[in-house]
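Here is how the chains run, residue by residue.
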Amino acid sequence: MSAQSGERGLIARHAGTVLVGQLAVMAFGVTDTIIAGRYSEGALAALSVGAAIFISVYVSLMGVLQALLPVWAELHGGGRGSEVGRSVRQSLYLAAIAIVVGMAALLAPAAVLRLTQVPPEMRGDVEMYLRVLAFALAPALLFRLFSTLNQSLGKPQLVTWLQLGSLVVKLPLSIWFTFGGAGLPAMGLVGCGWATLCVNWAMLACAVWLLRSSPFYRGYRLWERLEKPDWQQIRLFARMGVPGGLAVLVEVTSFTLMALFIARLGTAAAAAHQIAANLMAVAYMVPLSLSIATSARVSFWLGAGDVARARHACRLGFEQTVLCALLFSTALVTLRHQLANVYSDNPAVVGLAAALMVAVAAYHLADAVQTLCVFLLRCYRVTLAPLVIYCTMLWGLGLGGSYMLAYRGLGPWGAMQSPLAFWIMSAGALAITALFFITLLRWTMNKRSA
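In this text, all values refer to a predicted model and were calculated from it rather than measured experimentally. Each chain has its residues counted from 1, following the order in which its sequence is written. In keeping with the predicted nature of the model, local features appear solely for residues at pLDDT of at least 70, side-chain atom pairs appear and are counted solely at 80 or more, and the whole-chain, interface and lining totals rest on all residues. Side-chain metrics in this entry use all non-hydrogen atoms of the structure; hydrogen atoms and water are not considered.

1. Comments concerning the overall build of the protein chain
Inference 1: By the criteria applied, helices consist of DSSP H or I runs no shorter than four residues and strands consist of E runs no shorter than two, each listed in order from the N terminus. Scanning the protein chain from terminus to terminus reveals 15 helices and zero strands.
Inference 2: As a reference, a globule follows 2.2 Å times the number of residues to the power 0.38, and the radius of gyration itself is taken over C-alpha atoms. Against the compact-globule benchmark of 22 Å for 450 residues, the protein chain has a radius of gyration of 22 Å, which places it among compact chains.
Inference 3: Here a residue-residue contact requires only that any non-hydrogen atoms of the pair lie within 4.5 Å. Put simply, of all contacts in the protein chain between residues at least 6 apart along the chain, 81% involve residues at least 24 apart.
Inference 4: Here, Shrake-Rupley sampling with a 1.4 Å probe gives the accessible areas, and only protein chains in the shown set may cover a residue. Accessible area of the protein chain: about 19700 Å², with a carbon and sulfur share of 68%.

2. A word on the packing of helix α7 (residues 157–179) against helix α8 (residues 189–213)
Inference 1: Note on geometry: axes are lines fitted to C-alpha atoms, helical ones only across the stretch in contact, with angles between N-to-C directions running from 0 to 180 degrees. Running from N to C, α7 and α8 cross one another at 150°; their axes reach a closest spacing of 8 Å. Viewed along their axes, α7 and α8 adopt a mutual orientation that is roughly antiparallel. Viewed along their axes, α7 and α8 form a crossing whose handedness is right-handed. Across the interface between the two elements, L158, L162, Q163, S166, V169, K170, L173, S174, F177 and T178 from α7 touch G191, C192, W194, A195, T196, C198, V199, M203, C206, A207 and L210 from α8. Angular relationships are summarised with four words: roughly parallel below 35 degrees, roughly antiparallel beyond 145, roughly perpendicular across 65 to 115, and oblique for the angles in between. Two helices that cross are described as forming a left-handed crossing if the nearer one is turned anticlockwise from the farther one by less than a right angle, and a right-handed crossing if clockwise.

3. Side note on the packing of aromatic side chains
Inference 1: Only the six-membered ring of Trp is used, alongside the rings of Phe and Tyr, when aromatic pairs are assigned; centres must lie within 6.5 Å, and planes under 30 degrees apart are stacked while those over 60 apart are edge-to-face, with the rest tilted. Enumeration over the complete set of coordinates arrives at eleven aromatic pairs.
Inference 2: When the ring of Y403 is compared with that of Y407, the centres are 5.1 Å apart and the planes differ by 55°; the resulting orientation is tilted. Within this pair, Y403 and its partner Y407 are both found in helix α14 (residues 384–408), separated by four residues, close to a single helical turn.
Inference 3: Members of the aromatic cluster, joined through ring pairs, are F143, F146, F216, Y217 and Y220.
Inference 4: In this scheme, Lys NZ or Arg CZ marks a charge over a ring once it lies within 6 Å of the ring centre and within 35 degrees of the ring normal. Note that R378 overlies the ring of F375, its terminal NZ or CZ placed 4.9 Å from the centroid.

4. Notes on a nonpolar patch on the surface
Inference 1: What makes a patch is a set of residues exposed beyond 30% relative accessible area and free of salt bridges, joined within 9 Å when like-charged and within 5 Å when nonpolar (Val, Leu, Ile, Met, Phe, Trp, Tyr). Every case where a carboxyl oxygen of Asp or Glu lies within 4 Å of a side-chain nitrogen of Lys or Arg is listed as a salt bridge. A grouping of Y39, L171, I175 and F179 is seen on the molecular surface, where their side chains present a nonpolar patch of about 340 Å² in accessible area.
Inference 2: For the nonpolar patch, the leading source of residues is α7, giving three residues.
Inference 3: Take I175: it is sitting in helix α7.
Inference 4: Each residue's exposure class comes from its accessible area (1.4 Å probe, protein chains only) as a fraction of the maximum for that residue type: buried when under 20%, exposed when over 50%, partly exposed otherwise. According to the relative accessible area criterion, I175 is partly exposed, its value standing at 39%.

5. Section: helix α10 (residues 267–303)
Think of an α-helix as turning once every 3.6 residues; residues three or four places apart then point the same way.
Inference 1: Multiplying 1.5 Å by the helix residue count minus one yields the expected span of that helix. The end-to-end C-alpha distance of α10, which contains 37 residues, comes to 52 Å, matching closely the 54 Å that a straight helix rising 1.5 Å per residue would cover.
Inference 2: Burial analysis of α10 places 27 of its 37 residues in the buried class, the great majority of the element.
Inference 3: Looking one or two places after α10, you find G305, whose phi comes out positive at around 80°.

6. Quick notes on the environment of I438
Inference 1: As for its position among the elements, I438 is in helix α15 (residues 420–449).
Inference 2: Placed 295 residues apart in sequence, I438 and F143 show a C-alpha to C-alpha distance of 32 Å.
Inference 3: When residues no more than four places from it in sequence are discounted, the contact partners of I438 are V369 and C373.

7. What about unusual backbone geometry?
Inference 1: For R221, which is not a glycine, the phi torsion comes out positive at approximately 55°.
Inference 2: In this structure, R221 sits in the loop between α8 and α9 (231–263).
Inference 3: Despite not being glycine, R381 has its phi angle at roughly 65°, a positive value.
Inference 4: By the secondary structure assignment, R381 is in the loop between α13 (347–379) and α14.

8. So, the nonpolar core
Burial of nonpolar side chains together is a common tendency in soluble globular proteins.
Inference 1: Counting 67 residues, the largest nonpolar core has Y58, W72, L106, L137, L141, F146 and L149 as its most contacted members.
Inference 2: Ranked by residues supplied to this core, first place goes to helix α6 (residues 120–152) with 16 residues.
Inference 3: Not counting residues up to four positions away in its chain, the partners in contact with L137 are F54, Y58, L61, I99, G102, M103 and L106.
Inference 4: Judged by nonpolar contacts, the second largest core, of 66 residues, contains M280, A313, A353 and L387. Only buried residues count toward a nonpolar core, which is a set of Ala, Val, Leu, Ile, Met, Phe, Trp, Tyr and Cys residues joined through side-chain atoms within 4.5 Å.

9. Some remarks on α6
Inference 1: Counted at 1.5 Å a residue, the expected span for α6 with its 33 residues is 48 Å, and the 45 Å between its end C-alpha atoms agrees.
Inference 2: Note on α6: the residue one or two positions beyond its end, G154, has a positive phi of about 75°.

10. Examining the environment of L394
Inference 1: If you trace the backbone, L394 turns up in helix α14.
Inference 2: Since its relative accessible area comes to 8%, L394 is described here as buried.
Inference 3: Separated by 44 residues in sequence, L394 and I438 have C-alpha atoms that sit 17 Å apart.
Inference 4: Apart from the residues lying within four places of it in its own chain, the contact partners of L394 are V250, E251, S254, I389, L399, L430 and T433.

Here's what the structure looks like:
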C-alpha cells in the first residue's frame, strides 16, 4: 500500500467513525423532539426554545475544548506522549471555567426569554428544562474533552461506541420520564432533560473508567497528581479555544437568527426553511467529521516535524471533503422534491422547500470547504483572523444582506419576501468566507514551509 493511499484511508476511517458518533448525538435531539411532540404541543414549543438556548451555550463552549485537538495531536506526532497527561490535566482548569460560565447562563435565562419575547406561559417550562440541563452541562463538556483527546490520538472508536450505547439508553429513559409509569409520575418536557442528565453522567463515568483501565492510555501518564494551574499553558489554550468557541457561536447564532427572521413570513415559509435546515444539518456532519480527522493527521505530522506530509494530509482532506460535498449537493438538487415530500405532504411547503434546495446545495458546498479550512488553520495556530472573517461575513453580509434582500430590497433587486433570500445571501457569504480561508491557509502553509 502506498503512503498516499494509506494516509487517505486513515483519514477516511477516522472520519467515518466520528460521523457515526455525531449522527448518534444528533439523534438525541430528534428523540426529544418526537417525544415532546407526542406529549403535548406546549411541550414541543417549549423544547424548541429551551433546546435553542442550550445548544447555543453548549456548542460554543464545546468549540473552546474542541480547539485543543491540535495541541495533543502534535504531542502525539512528536513522540511526546508522556507530556499529553499534564496537558490534559491543565485543560481541566479551562473546562472548569467553561462549566461555570455555561451553568450560570442556563440557570438564569429569564433575561434572554424576555428579550426574545417568549410568551410568559411558556417560560416556566423552559426555565425548568434549562435548570436540569445546567447540571447535565458539566458531564457533556468533560466528555467532549475525552472525545477531543481520543480524536487527537487517532482513536475515535471508543467515543463512537459510547455515543451509540447512550442513544440506546436515552430513548427509553426519555419516554419513561416524560410520560411516567412504574410508579414514576409524568414529568413532561423536564423529563427529557432528566434523561439527558442521566445519560451524560453515565457516558462520563464510562469514559473515566476507560481512561483508568484501558492499556492504551497508560503511556500518556494521565493519572498523575493534578498540578497547580499553569497560567502560561492555560493562556495558550484560551488563545486557541476562545476564538474557536466564539467562531462557533457566530455560526450557530447566524443560523438561529435566520430562522427567527424567516418566521415572520408565515408557517409555510418557516416549515420549508426547517426542512432545508434539517437536511443541511445532517449533510454538515460529513465535512465536520472529515475536518476533525484531517486536522488530527495534519497536527500529527506537524508535531513530527514533517511539514511536507502535513501539506499532503491537507490536500487529501480537501479532496475527500470536496468530493463528498459535491455528491451531497448533487443529491439535494436531484432529489429535492422527493426529500421535501418525506417531511411534508403540504404542496405549498413541498414546493417552497424544493425551491430552496438549489441554494442549500450551494450553501453546503461552501460550508464544507470553509469548515475544513477553519479546522486546518487551528493546526497552524491561526484563530483570530477566522473569527473576524466570520463576524463580518456571516453576521454582516449573510444575515444583514439576507434581511435587506428579503424585506427591503438590495441594489437592483426588490424585496423577495421569501426564505430563498436568506439561503442565497448566506450561501454567498459562506462562499466568500471559504475563499478568504483558502487564501489564508495557503499563505500560512507557505510561511511555515519557508
